[in-house]
Amino acid sequence: MTAILAILCVLLIGIVVVQIGKVTELAAKIRGEEEVEEGTNRRQSGYLMVFMVAFLIFTVVSALYYRNYMLGYGPHESASEHGGSLDSLFNTTLFFTGIVFIITQIALFYFAWKYRAEKGRASLYMPHDNKLEVIWTIIPAVVMTFLVVGGLDAWNEVMADIPEDAQAVLIPTTEDKSEFLEIEATGYQFAWDIRYPGADGLLGTKNFRMITGTNPLGQDWSDEKNHDDFMTNEIVLPKNRWVRVRITAKDVLHNFYLPHFRVKMDAIPGLPTYFVFKPTKTTEEYREQLSTVAEYQVPDPNDPEKMLWETFGYELACAELCGKGHFSMRRAVRIVEEAEYAAWARGQSPLYDSVRGTDDDPFQEENAATMEAEDVIEAPIDSLTLPIDSLTAPIDSIGMAEPTDTTGSTE
Ligand SMILES: [Cu+2]
């Protein structure tokens, strides 16, 4: 404590000495005030020039240094079919705005230095200049027109819906839009409900009045399309298949954002939106892509036994600040080959299974009857298969044993 006080005292004495020195200096120069001001101007505008050069170098170097972490650069090429056109649109915009950025920053600092106040120099009075105004109106107008038209073009391409005669299926088998998978994402504070259509490929109707603790989306169980719909924690999608996502929200605004696929759409209560896209890289393929880059060949801080590229996974994020639990809306997304997806999809069980035969089930009577019948039939069938399996064993072993027996008998 005493040491700190001593240091503070020395510091204060130092400051007092410096200040007294400055006052004396100023007093001496009081006659030549203009000279002092000129000197200050020159120095400050010089510092600004140095700042400008350092700032521009820092901007460019940091962008280059971190390029392998940024979407659209290095190993982060888009993993969806339309993503490439959005990336090139971003790059075109970055190119033009980059030129403007560099020119305006240089002009800003250079002019502050060049036209600093100097003795005997009056400022130029220029109320109007047609030529200048034409130049700075036409150039941005032309550039903006190109950017906006290009943007609209990309928007129309990216937002093109599935054709009306296309078939909605759970497991699409074609790469074109004649078959597609339609899933539904419902955002709420603070998670997503992800619903798949089940074997019929169709999502059942829902009604917010039917929402209960066990029926989070308000699925209308009198609609048979609901009976095979299933809900999952993880979004699993097949590679090279068209996917249409119905996007909606239960409470406040959310945003369905799949950064690696360049998919981003607001989720709005009462106003369904959608996005159609085609994933083109499986999670494994994306990991391979990352494994070629030094930045991802380091251990994952959360799992030091593995490299960063090995633990990579696609994600669904909420891109709307929707409340204090906003961060927890992250969901894992996995892109797999069609066969793996088909096996996964067939292995899911519908939510209706928990409702079937209960008081909430509009088909309670029918279902109760069939469920009883199933119980009676299922048991004997299962027990019958056992003897059949066990019968095959002796048959095989008889066949195997035969040749040995013959050689044995000849000897
Ligand atoms: Cu959210």
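Residues numbered from 1 in each chain as written. Predicted model: local features only at pLDDT ≥ 70, side-chain atom pairs only at ≥ 80, totals over all residues.

Using the following cut-off: UniProt positions are given in the numbering used here, feature names are shortened, and annotations may be inferred rather than shown by experiment.
You'll find the protein chain entered in an unreviewed UniProt entry as Cytochrome c oxidase subunit 2, with Flavilitoribacter nigricans given as the organism. Regarding the protein chain, the UniProt comment filed under Function (unreviewed entry) reads as follows: "Subunits I and II form the functional core of the enzyme complex. Electrons originating in cytochrome c are transferred via heme a and Cu(A) to the binuclear center formed by heme a3 and Cu(B)."

1. Notes on the overall build of the protein chain
The criterion, for reference: The helix count covers DSSP runs of H or I at least four residues long, the strand count covers runs of E at least two residues long, and both are numbered beginning at the N terminus. Put plainly, a residue is buried at 20 or more neighbouring C-beta atoms within 10 Å of its own, exposed at 12 or fewer, and partly exposed in between, counting only other residues' C-beta atoms, which are placed from the backbone.
Summing up its helical and strand segments, the protein chain has 7 helices and 13 strands in all. Residues classed as buried in the protein chain amount to 19% of the 411 residues present.

2. Side note on the sheet that holds strand β13 (residues 331–336)
The condition that has to hold: Strands are labelled as partners when DSSP assigns at least two bridges between them. Orientation is described by lines fitted to C-alpha atoms, with helices fitted over the stretch in contact, and by angles between N-to-C directions that extend from 0 to 180 degrees. Contact between two residues is assigned when their C-beta atoms, built from the backbone, lie within 7 Å.
On the basis of which strands lie adjacent, the open sheet formed by 5 strands has the order β5-β13-β12-β7-β8 and mixed pairing. At either margin of the open sheet sits one strand with a lone partner, and together these are β5 (235–238) and β8 (263–267). This sheet shows a mean twist of 20° between the axes of neighbouring strands, independent of strand direction. Lying over the sheet, helix α6 (residues 338–346) contacts β5 and β13, oriented at roughly 135° with respect to β5.

3. Side note on the nonpolar core
Put simply, the test is: Defined on buried residues, the nonpolar core groups Ala, Val, Leu, Ile, Met, Phe, Trp, Tyr and Cys residues joined through C-beta atoms within 7 Å.
Of all hydrophobic cores here, the largest spans 36 residues; its most connected members are Ile183, Ala185, Val243, Val245 and Phe256. No other element matches strand β6 (residues 242–249), which puts 5 residues into this core. Beyond its immediate sequence surroundings of up to four residues, Ala185 is in contact with Trp192, Ile194, Val245, Ile247, Phe256 and Ala267.

4. A closer look at the packing of helix α3 (residues 83–114) against helix α4 (residues 130–158)
Defined as follows: Between 65 and 115 degrees an angle is taken as roughly perpendicular, under 35 as roughly parallel, over 145 as roughly antiparallel, and anywhere else as oblique. Crossings are sorted by hand: turned counterclockwise from the far helix by less than a right angle, the near helix makes the crossing left-handed, and turned clockwise it makes it right-handed.
Here α3 crosses α4 at 165°, and the two axes come no closer than 10 Å. Our classification of the angle between α3 and α4 gives roughly antiparallel. Crossing of α3 over α4 shows left-handed handedness. On α4, the residues touching Ser85, Leu86, Leu89, Thr92, Thr93 and Phe96 of α3 are Val143, Leu147, Gly150, Gly151, Ala154, Glu157 and Val158.

5. Considerations on the pairing of β8
Remark: a regular strand shows side chains that alternate across the two faces of the sheet. Here strand β7 (residues 254–258) runs beside β8; their pairing, made up of 5 bridges, is antiparallel. The partner of Phe256 across the bridge, within β8, is Met265. Counting the residues in the hairpin turn of β7 and β8 gives 4 residues, including Arg262, whose phi is positive at 55°.

6. What to know about helix α2 (residues 33–65)
Note the cut-off: Expected span of a helix, by definition, is 1.5 Å for each gap between consecutive residues, and there is one gap fewer than residues.
With 33 residues, α2 extends 47 Å between its outermost C-alpha atoms, agreeing within 8% with the 48 Å of an ideal straight helix rising 1.5 Å per residue. α2 sits mainly on the outside: 0 of its 33 residues count as buried.

7. Things to note about the confidence of the model for the protein chain
We apply this condition: How sure the predictor is of each residue is captured by pLDDT, a score from 0 to 100.
Overall, the predicted model of the protein chain reaches an average pLDDT of 84, with 89% of residues at or above 70. pLDDT under 50 marks residues 378–411. Its contacts with residues more than four places away, or in other chains, come to 0 contacts.

8. Regarding the environment of Ala154
Its location among the elements puts Ala154 in helix α4. Separated by 66 residues in sequence, Ala154 and Ser88 have C-alpha atoms that sit 9.9 Å apart. If we ignore the near neighbours within four places in the chain, the residues touching Ala154 are Ser85, Leu86 and Leu89.

9. A word on the environment of Leu258
You can see Leu258 is positioned in strand β7. In this view, Leu258 contacts Val263, Leu316 and Val333; residues no more than four positions away in its chain are not counted.

10. Section: the environment of Val143
Within the fold, Val143 resides in helix α4. In this structure the C-alpha to C-alpha distance between Val143 and Thr93, which are 50 residues apart in sequence, comes to 9.5 Å.

11. A word on unusual backbone geometry
Gln189 connects to Phe190 through a cis peptide bond whose omega is 0°. Examined against the element boundaries, Phe190 turns out to sit in the loop between β2 (179–188) and β3 (191–196). Phi angles above zero are rare outside glycine, and Asn240 is one such case at about 60°. In this fold, Asn240 is placed in the loop between β5 and β6. Take Asn240: there are 16 C-beta atoms within 10 Å of it, and that puts it in the partly exposed class. Of note in this structure, Arg262 is not a glycine but carries a positive phi near 55°. Relative to the elements of secondary structure, Arg262 occurs in the loop between β7 and β8.

12. Some words on the packing of α2 against α3
Two numbers describe how α2 lies on α3: the axes approach to 8 Å, and their chain directions differ by 165°. Taken together, the axes of α2 and α3 lie roughly antiparallel to each other. Along this stretch, α2 crosses α3, giving a crossing that reads as left-handed. Where α2 approaches α3, its residues Ser45, Gly46, Leu48, Met49, Met52 and Leu56 are matched on the opposing element by Ile102, Gln105, Ile106, Phe109, Ala112 and Trp113.

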